[in-house]
Every structure is written in structure tokens, then in C-alpha cells.
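Structural description and commentary
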Amino acid sequence: MKFPPFDLKSEAEQEVYRLIDEKYRQLPKAKDGSIDSSAWGFQDNDVDALRHAYVSGAYAQSYGASTAELLGRLYEYFPGLGTSAPNSERSTNMDLWNNAVGRKYGKKVKNRLQLFQELLEALKRGELITDPSDKREYTGLPCLETAPAGTVIVIEKDKKGRNIFFTICTNEQFFLVPIL
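Calculation criteria
- Residues numbered from 1 in each chain as written.
- Predicted model: local features only at pLDDT ≥ 70, side-chain atom pairs only at ≥ 80, totals over all residues.
- Heavy atoms only, no water.
- Helix = DSSP H or I, 4+ residues; strand = E, 2+ residues; numbered from the N terminus.
- Buried < 20%, exposed > 50% of the residue type's maximum accessible area, 1.4 Å probe, protein only.
- Areas by Shrake-Rupley, 256 points an atom, 1.4 Å probe, with all protein chains shown as cover.
- Core = buried A, V, L, I, M, F, W, Y, C linked by side-chain atoms within 4.5 Å.
- Axes fitted to C-alpha atoms, helices over the stretch in contact; angles between N-to-C directions.
- Parallel < 35°, antiparallel > 145°, perpendicular 65-115°, else oblique.
- Left-handed = near helix turned anticlockwise from the far one by under 90°.
- Contact = heavy atoms within 4.5 Å.
- Polar contact = N/O pair within 3.5 Å; in protein donor to acceptor, adjacent residues only side chain to side chain.

Another aspect to go through is the overall build of the protein. Scanning the protein from N- to C-terminus turns up six helices and three strands. Counting from the amino terminus, helix and strand elements in the protein follow one another as α-α-α-α-α-α-β-β-β. The buried share among the 180 residues of the protein stands at 44%. For the protein, the computed accessible surface area is about 9800 Å², with 52% contributed by carbon and sulfur atoms.

Moving on, we get to the nonpolar core. If you look at the biggest cluster of nonpolar residues, it comprises 33 residues, and the most contacted ones within it are Ile 20, Leu 50, Tyr 54, Tyr 59, Phe 116, Leu 119 and Leu 128. Looking at this core element by element, the count peaks at ten residues for helix 2 (residues 46–63).

With that settled, consider the packing of helix 2 against helix 4 (residues 89–108). Look at helix 2 against helix 4: their axes get within 7 Å of each other, and the N-to-C directions meet at 45°. When the interaxial angle is binned, helix 2 and helix 4 end up oblique. For helix 2 against helix 4, the interelement crossing comes out right-handed. Mapping the contact onto sequence places Asp 48, Ala 49, His 52, Ala 53, Ser 56, Gly 57, Ala 60 and Gln 61 in helix 2 and Met 94, Asp 95, Asn 98, Asn 99, Gly 102, Arg 103, Gly 106 and Lys 107 in helix 4.

Within the element layout of this structure, Glu 15 appears in helix 1 (residues 4–23). Judged by relative accessible area, which is 18%, Glu 15 ranks as buried. Put simply, Glu 15 and Phe 116 are 101 residues apart on the chain and 9.5 Å apart in space, counted from C-alpha to C-alpha. Leaving out residues up to four positions away in the same chain, Glu 15 has contacts with Tyr 54 and Arg 112. Engagement of the side chain of Glu 15 in a polar contact is seen with the side chain of Arg 112, the distance being 2.6 Å.

So yeah, pure geometry; function would need other evidence.
Pasting the structure below:
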């Protein structure tokens, strides 16, 4: 079964790597000339910061800021959902911080090229965290930390308005539910 947020994450990651390579700095390439995201230089730095912010901004544009926050946390705390590996506490803080910056700009701009341009300016101003040792702390959106048990957060509806993908919060955790 396809899960649209995973597809969007993959698409946005490839987009941002291409944009970084074209408009900011060259990235490592594979022998075929494609960007080699498995090479050294994609974690805990400016590229990682831009990737997190861009994907979260793309989520905010497609699903809204609350769902983008939820998806970002799911990827951080449950790395098996995506392609991510578990992070250190400081790297997770960095990623969540940058996700929040991405959501902020994702809500303000009309398209993803504008999103990248705004995020690149945010990077230059020091708004993004590019090193896990940065002392700024991500505090998060309180709605996810205090959502009452039984809260349903809708991620996607079909054309008739029925929930296709949603999450249900319990006292301990939240579950991502795809409707087959």
C-alpha cells in the first residue's frame, strides 16, 4: 500500500538535494552523476538542516502545520517508519528545531521553490541549527504533548471527506492508521 506522506518525503528530499546542489553548494555525486545522499556530508550540518526544514515545509503546505509536526516527530522517534536511523538526543533536537522552521516558512509561501529560497535565507541568518552542539532547545507544539486520549488527527481524506490516514492519540503514544 502506498502512503502519500512517505512519497512526499522522498520527493521533497530529492528536490531539496537538487536545489542545494544547484543554488547553494555542490553535493557529492555517484558515478552516474546523480547526487549520492549516502555519501559523507549529509548529516548534522547545513545540508541536513535544509533537508529537514524543506521536507517539513512541504508537509505543512500539503497537510497543515499540525500534521507536519506529527509526521516529523514520528520520523524522529520511530525511524523505522522512514529511511532514517536513530539519532542522538542533540541531533533529534536539531532536526525538530529545523522542522519547526520549515513549517513556519511552508505556511508563508506559495510553492516549494519559494520555500527553498526562504529557507536558504533563514540558514544564512542563523535561524536553522546546523550543529547538534547548538544550545537552542526545541520545545515543540504543546498540542501533541497534551492531546487527550482518543484524539484523532486526520492526515488525509478522500474526495468524499472520509478519513484515509489518521492518527489516534492514547495516554502513552499515538498510532498511525491507514485505511485499506
